[in-house]
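Working through the structure, step by step
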Amino acid sequence: MAHSLAAAASFSPPAARRRPPSQVTNAISSRGLVSFNSQRMSFVSIRSRPSQLRFKICCSAKKETVDKVCMIVKSQLALPDGTTVTGESKFSELGADSLDTVEIVMGLEEEFNITVDETSAQDIATVQDAANLIEKLVLEKAA
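Given the structure is predicted, the values throughout are model-derived calculations rather than measurements. (Residues numbered from 1 in each chain as written. Predicted model: local features only at pLDDT ≥ 70, side-chain atom pairs only at ≥ 80, totals over all residues. Heavy atoms only, no water.)

Thoughts on the environment of Leu-108
Considering the arrangement of structural elements, one finds Leu-108 in helix H4 (residues 98-112). In this structure, the C-alpha to C-alpha distance between Leu-108 and Ile-72, residues 36 residues apart in sequence, is 7.2 Å. Apart from the residues within four sequence positions on either side, Leu-108 is in contact with Val-69, Ile-72, Asn-113, Ile-114, Ala-130 and Ile-134. (Helix = DSSP H or I, 4+ residues; strand = E, 2+ residues; numbered from the N terminus. Contact = heavy atoms within 4.5 Å.)

Considering empty space enclosed by the protein
Tallied over the entire structure, the rule returns one cavity of 30 Å³ or more. When its volume is computed, the largest cavity comes out at roughly 30 Å³. What lines the largest cavity is simply Val-105, Leu-108, Val-116, Ile-124, Ala-130, Leu-133 and Ile-134. Looking at the lining of the largest cavity residue by residue, the classes come out as seven nonpolar, no polar and no charged. (1 Å grid on protein atoms, 1.4 Å probe; cavity = no way out; pocket = protein on both sides within 12 Å on 5 of 7 lines; lining within 4 Å. Points joined across faces, edges and corners; volume = space filled by probe spheres on them. Nonpolar A, V, L, I, M, F, W, Y, C, P; charged D, E, K, R; others polar.)

As for the confidence of the model for the protein chain
Residues with a pLDDT of 70 or more make up 59% of the protein chain, whose mean pLDDT is 75. Taken element by element, the predicted model of the protein chain shows its lowest mean pLDDT in helix H1 (residues 2-8) (42) and its highest in helix H3 (residues 63-77) (95). Below pLDDT 50 for its whole length, residues 1-13 participates in 16 contacts with residues either more than four positions away or in separate chains. Across residues 41-45, confidence stays below pLDDT 50; counting only partners more than four residues off in sequence or on other chains, it has 26 contacts. (pLDDT = per-residue confidence, 0-100.)

Comments concerning unusual backbone geometry
In most cases, non-glycine residues show a negative phi, while peptide bonds are predominantly trans. Residue Ala-78 is not a glycine yet carries a positive backbone phi of 50°. The topology assignment puts Ala-78 in the loop between H3 and H4. The exposure class assigned to Ala-78 is exposed, which follows from its relative accessible area of 64%. Of note in this structure, Asn-113 is not a glycine but carries a positive phi near 55°. Considering the arrangement of structural elements, one finds Asn-113 in the loop between H4 and helix H5 (118-122). The exposure class of Asn-113 is exposed, given its relative accessible area of 54%. (Buried < 20%, exposed > 50% of the residue type's maximum accessible area, 1.4 Å probe, protein only.)

Quick notes on helix H6 (residues 127-142)
Its 16 residues give H6 an end-to-end C-alpha distance of 23 Å, which sits within 8% of 22 Å, the value for a rise of 1.5 Å per residue. All of the buried residues in H6 are Val-127, Gln-128, Asp-129, Ala-130, Ala-131, Asn-132, Leu-133, Ile-134, Glu-135 and Leu-137. The inward-facing, buried residues of H6 abut H3, H4 and H5. (Expected span 1.5 Å × (residues − 1).)

With respect to the side chain of Glu-109
With respect to the secondary-structure elements, Glu-109 resides in helix H4. One buried charge, Glu-109, has no salt-bridge partner; the nearest side chain with opposite charge is Lys-141, at 11 Å. Setting aside residues no more than four positions away along its own chain, Glu-109 makes contact with Ile-114, Thr-115 and Val-116. (Lys, Arg positive; Asp, Glu negative; His and termini not counted. Salt bridge = Lys/Arg side-chain N within 4 Å of Asp/Glu carboxyl O.)

Put into structure tokens, the structure is as follows:
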């Protein structure tokens, strides 16, 4: 543990510390490296490591919206009556290919009287994603 912490922080060579304050700047050189200066130490660098976890803020859609989306997905994919579709269901796990996903989005647009742009449609992976997007678009349309 101590080894990984020591490797995560690094300091600049002494020559960089001797720069006049007017030449010392804070910098972000990449997504994973941030450098900054302070009165005591110049150019402290912090490196981040890639992670599978992402910080995501979302507002869950109403249960009625999720249920309606589940019904449309089951209908578009012609799933058997015993198939369970929930908010967490991924279209790919339900057997949907890219054409099926386009047809699902078209069905949602028709049912909710909305228009989903291509960029937003590409971000839909689950029933919950679709329901959240629908509620957002319905609110924007009403405003």
